[in-house]
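Examination of the molecular architecture
So the chains spell out like this:
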Amino acid sequence: MCLNLRTPFIFSTKAFAHSERWSGAHISMPTLNFSMQAFINETWVERHGSEIPNQLLMFLWSSIVSIFGIGGFIGASVGGMLAVKFGRLPWCRARLPWRQNGSRSSSLTSPTLVLVEMTNESMCGGIMIITKNIFGLNWQSNVTLMRKGTLLFNNSFALLAALLMGMSYYASAFELLIVGRFLSGVNAGVAICVEPLYLGEIAPRALRGAMAMGTSIFISGGILAGQVMGLSELLGKEDYWPLLLSTTFIPALLQLLILPWFPESPRYLLIDRGDDHACNMALKQLHGGENYHGEREDMERERASATGVKPLKPWELFADKNLRWPILTIIIMSSAQQLNGINAIYFYAEYVFAEAGIPFEKIPYATVGTGACECLTALTCGLLIESLGRRVLIIGGYSLMALWCICFTITLTFQNYSSGMPYLSMACVFAFILSFGLGPGGVTTILITELFTQTARPAAYMIGGSVKWLSFFFIGMVFPFIVNGLHQFCFLVFFVVCCVVATVIFYVVPETKNKTFLEIQNEFLRRKRTAAKGSDPPMPTAL
């Protein structure tokens, strides 16, 4: 079966499982905030006979919100570990009726049976990997999770989180909300690490950027879906919040149903596992029986360069002089993705809409417009990335964001001096979101895939993901103090961040469009040697 005509469906299937942004869109809704805090207070009254102190209520609510980021950090820290071969781990030996002598029966091809067996193996294998690497248990084994198995196993976190959050109301236990949010964060951290890694490895070189943009497209799609489902006409009513939180199981279930039918990463099978036959089968399934030879040649060259090199650990990337600039670039871009002001824009959005005269009950619909705006620009970026290149989009995106930071600061400062200023502020909100989605929102993840070869890529994703979640936690802790101290002038801080990141990318990052991973690595080495000789390296173009 050839999948080359269905590649858009491949990445949409994987990226749609980003239920973390779906959940994040829910938890940020004002109506949901009020309902959940009322539930915490009611539960406290049932247990103790008095209302919960305000400070304790705010602490519990802050814990529910912030524990998501801690779970994301942990998920990102172990995501690369799960996707890489850390030893051979055991099959889960459930006595399934279609197993014959420890192997699948060739006569049984029921989709349901295959799905159950693959999910069983992936989840059990994931538990074995985590216990081995965290708790030091020594398993005698014969299977690894790999990229696809990790994604299947990761859905267990999303399903369990949806169950716990949905049951919290009926069990009168707000503690389940904290645990559910933590598991949802773990699911998010693993997904944001492994999904783009898998997509980048299965994509043909000419479509690598467009396919990897699927992650960004469906993250923004998750935001939009969460905002729409949270409208009062659907699940946004006060009594429906347990059901609303439980809807995060939908993308996880879709991935469990569809992902097993797609192949493992052929690049991983060839370079990491040395399985030529499995690699050829995966390539034929992805590209067709006659069109896979060019991709196979690129993989062979990369395998030759990686001969004798084991997958690197995160700390080993810093010890390798040839990888210091790429890893520093990834750290800067991953942190800037959270520190560039996009969270501040969403924070100010409702205030701006209210000042523009939008009725309070209509503001949720305007907020849906911001989600639709980000989703639209992510789609546009996916269409443009292979023609304009990565550098143009990400540098242009950060440059425009810096411009809108200045404009937004001015319009907020003079908000009460002119009746037209609130509308200009509203235009700045949408312009900033458009600029973010056009470049930094999606291209950052693609560059993590492209700036590293096979042996370093999982570790790079672990570092990039961990930095992203730490930055997310940092901005959540610090941003209220920045707003209280600087008010609308807080956007001048984000202006500086955007300018610095755009400058670093301009001088450091080469254009990666339509280049092999080895060619990109050699470009970095060439620029390093040129800089060492004291001359400025010529800037690559996007053409």
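Each chain carries its own residue numbering, running from 1 in the written order of its sequence. It should be noted that, the model being predicted, local features are given only for residues of pLDDT at least 70 and side-chain atom pairs only at 80 or more, the latter also being counted only at that level, while totals for whole chains, interfaces and linings use all residues. In computing side-chain properties, one takes all heavy atoms of the structure into account and sets aside hydrogens as well as water.

Some thoughts on the overall build of the chain
Across its full length, the chain holds 23 helices and two strands. Here the chain, with 543 residues, has 56% of them falling under the buried criterion. Residue exposure ignores everything except the shown protein chains as possible cover, and the areas themselves are Shrake-Rupley values with a 1.4 Å probe. Put simply, the chain shows about 23,100 Å² of open surface, and 66% of that area lies on carbon and sulfur atoms. Elements are defined by DSSP. Helices are runs of H or I of four residues or more, strands are runs of E of two residues or more, and each kind is numbered from the N terminus. For the exposure calls, accessible area comes from a 1.4 Å probe over protein chains only, and a residue counts as buried if that area is under 20% of its type's maximum, exposed if over 50%, partly exposed in between.

So, the nonpolar core
Put simply, buried Ala, Val, Leu, Ile, Met, Phe, Trp, Tyr and Cys residues joined by side-chain atoms within 4.5 Å make one nonpolar core. One finds Leu 317, Tyr 398, Phe 408 and Phe 491 to be the most contacted residues of the largest nonpolar core, which totals 106 residues. Whether two residues are in contact is decided by their heavy atoms, any of which lying within 4.5 Å being enough. Filtering out sequence-adjacent residues up to four positions away, Tyr 398 remains in contact with Met 333, Ala 336, Gln 337, Asn 340, Pro 440, Cys 498, Val 501, Ala 502 and Ile 505. By size, the runner-up hydrophobic cluster in this structure holds nine residues, among which are Leu 269, Leu 270, Tyr 292 and Met 299.

With respect to the pattern of salt bridges
Put simply, a salt bridge is a Lys or Arg side-chain nitrogen that is within 4 Å of an Asp or Glu carboxyl oxygen. Scanning the entire structure with this criterion turns up eight salt bridges. Close ionic contact of Arg 457 with Glu 201 constitutes a salt bridge, the shortest N to O distance being 3.3 Å. Residue Arg 457 is located in helix 21 (residues 457–486), and its partner Glu 201 is located in helix 7 (residues 175–202); the two are separated by 256 residues in the primary sequence. Glu 201 sits in the buried class, given a relative accessible area of 1%. The network of salt bridges with common partners includes Asp 276, Arg 296, Glu 300 and Arg 303.

Description of the environment of Asn 514
Following the sequence through the fold, Asn 514 ends up in the loop between helix 22 (490–508) and helix 23 (517–532). When the C-alpha atoms of Asn 514 and Arg 205 are compared, they prove to be 5.7 Å apart, with 309 residues separating the residues in sequence.

Quick notes on helix 10 (residues 249–258)
Among the residues of helix 10, those classed as buried are Pro 251, Ala 252, Gln 255 and Leu 256. On an axial view of helix 10, the arc spanned by its buried residues comes to 140 degrees, and they lie on one face. The arc in question is the one traced by the directions running from the helix axis out to the C-beta atoms.

Here's the deal with the packing of aromatic side chains
When the centres of two rings from Phe, Tyr and Trp lie within 6.5 Å, Trp using its six-membered ring, the rings pair. Their planes under 30 degrees apart give stacked, over 60 give edge-to-face, and anything left gives tilted. Here the structure, examined in full by the defined rule, presents twelve aromatic pairs. Both rings, one in Phe 39 and one in Trp 241, keep their centres 5.1 Å apart while their planes meet at 50 degrees; by these two values the pair is tilted. A residue pair is termed long-range when its members are at least 10 positions apart, and Phe 39 in helix 3 (residues 30–48) and Trp 241 in helix 9 (residues 241–246) qualify at 202 residues. Accessibility classification places Phe 39 together with Trp 241 in one group, the buried group. The interplanar angle of 80 degrees and the centroid separation of 5.7 Å between the aromatic rings of Trp 469 and Phe 472 together place this pair among those described as edge-to-face. Of this pair, Trp 469 and Phe 472 are both found in helix 21, three residues apart, which corresponds to roughly one turn of the helix. Through successive ring pairs, a cluster of aromatic residues spans Phe 39, Tyr 169, Tyr 170 and Trp 241.

Regarding the confidence of the model for the chain
When pLDDT drops low, the exact placement of atoms in the prediction is not to be read closely. Known as pLDDT, the predictor's per-residue confidence is scaled from 0 to 100. Here the chain averages 75 in pLDDT, and 79% of its residues register 70 or above. Under a pLDDT of 50 for its full length, residues 85–143 has, in the predicted model, 91 contacts with residues more than four places off or in other chains. Predicted confidence is poor over residues 539–543, with pLDDT under 50, and the contacts of this stretch with residues over four places away or in other chains come to 15 contacts.

A closer look at a nonpolar patch on the surface
Here, patches come from residues exposed beyond 30% relative accessible area and free of salt bridges, joined within 9 Å for like charges and within 5 Å for nonpolar side chains (Val, Leu, Ile, Met, Phe, Trp, Tyr). A surface patch of nonpolar side chains, amounting to about 540 Å² of accessible area, comprises Leu 160, Leu 163, Met 167, Tyr 169 and Tyr 170. Summarising the element assignment, Leu 160 is placed in helix 6 (residues 146–171).

Some details on unusual backbone geometry
In most cases, non-glycine residues show a negative phi, while peptide bonds are predominantly trans. Positioned with a positive phi, Ser 172 is a non-glycine residue whose angle comes to about 50 degrees. One can find Ser 172 in the loop between helix 6 and helix 7. A residue is classified by how much of its surface remains accessible, and Ser 172, at 26% relative accessible area, is partly exposed.

Let's talk about the environment of Pro 204
Mapped onto the elements of the fold, Pro 204 is located in the loop between helix 7 and helix 8 (208–229). Counting along the chain gives 90 residues from Pro 204 to Gly 294, while the straight-line C-alpha distance between them is 9.3 Å. Not counting chain neighbours up to four residues away, the residues in contact with Pro 204 comprise Met 211, His 287 and Glu 295.

Topic: the side chain of Gln 255
Structurally, Gln 255 can be placed in helix 10. The exposure class of Gln 255 is buried, given its relative accessible area of 2%.

Structural notes on the packing of helix 8 against helix 20 (residues 440–450)
Axis definition: a line fit to C-alpha positions, over the contact stretch in the case of helices; interaxial angles, taken between N-to-C directions, run 0 to 180 degrees. Where helix 8 contacts helix 20, the axes come no closer than 8 Å and their chain directions differ by 125 degrees. It follows that helix 8 is oblique to helix 20 by the angle criterion. Relative to helix 20, the crossing made by helix 8 is right-handed. Seen from helix 8, the contacting residues are Arg 208, Gly 209, Ala 212, Met 213 and Ser 216; seen from helix 20, they are Gly 441, Gly 442, Val 443, Ile 446 and Glu 450. Orientation categories follow fixed angle ranges, with anything under 35 degrees roughly parallel, anything over 145 roughly antiparallel, 65 to 115 roughly perpendicular, and all other angles oblique. Each helix crossing is assigned a hand: it is left-handed if the near helix lies turned anticlockwise from the far helix by less than a right angle, otherwise right-handed if that turn is clockwise.

Digging into helix 21
Given 3.6 residues per turn, any residue in an α-helix points the same way as the ones three and four places further on. Maximum bend of helix 21: about 40 degrees, positioned at Val 478, with proline Pro 480 one to four residues after it. Positioned one or two residues after helix 21, His 487 has a phi angle of 55 degrees, which is positive. Throughout, bend refers to the angle between the axes fitted to the seven residues that end at a position and the seven residues that start at it.

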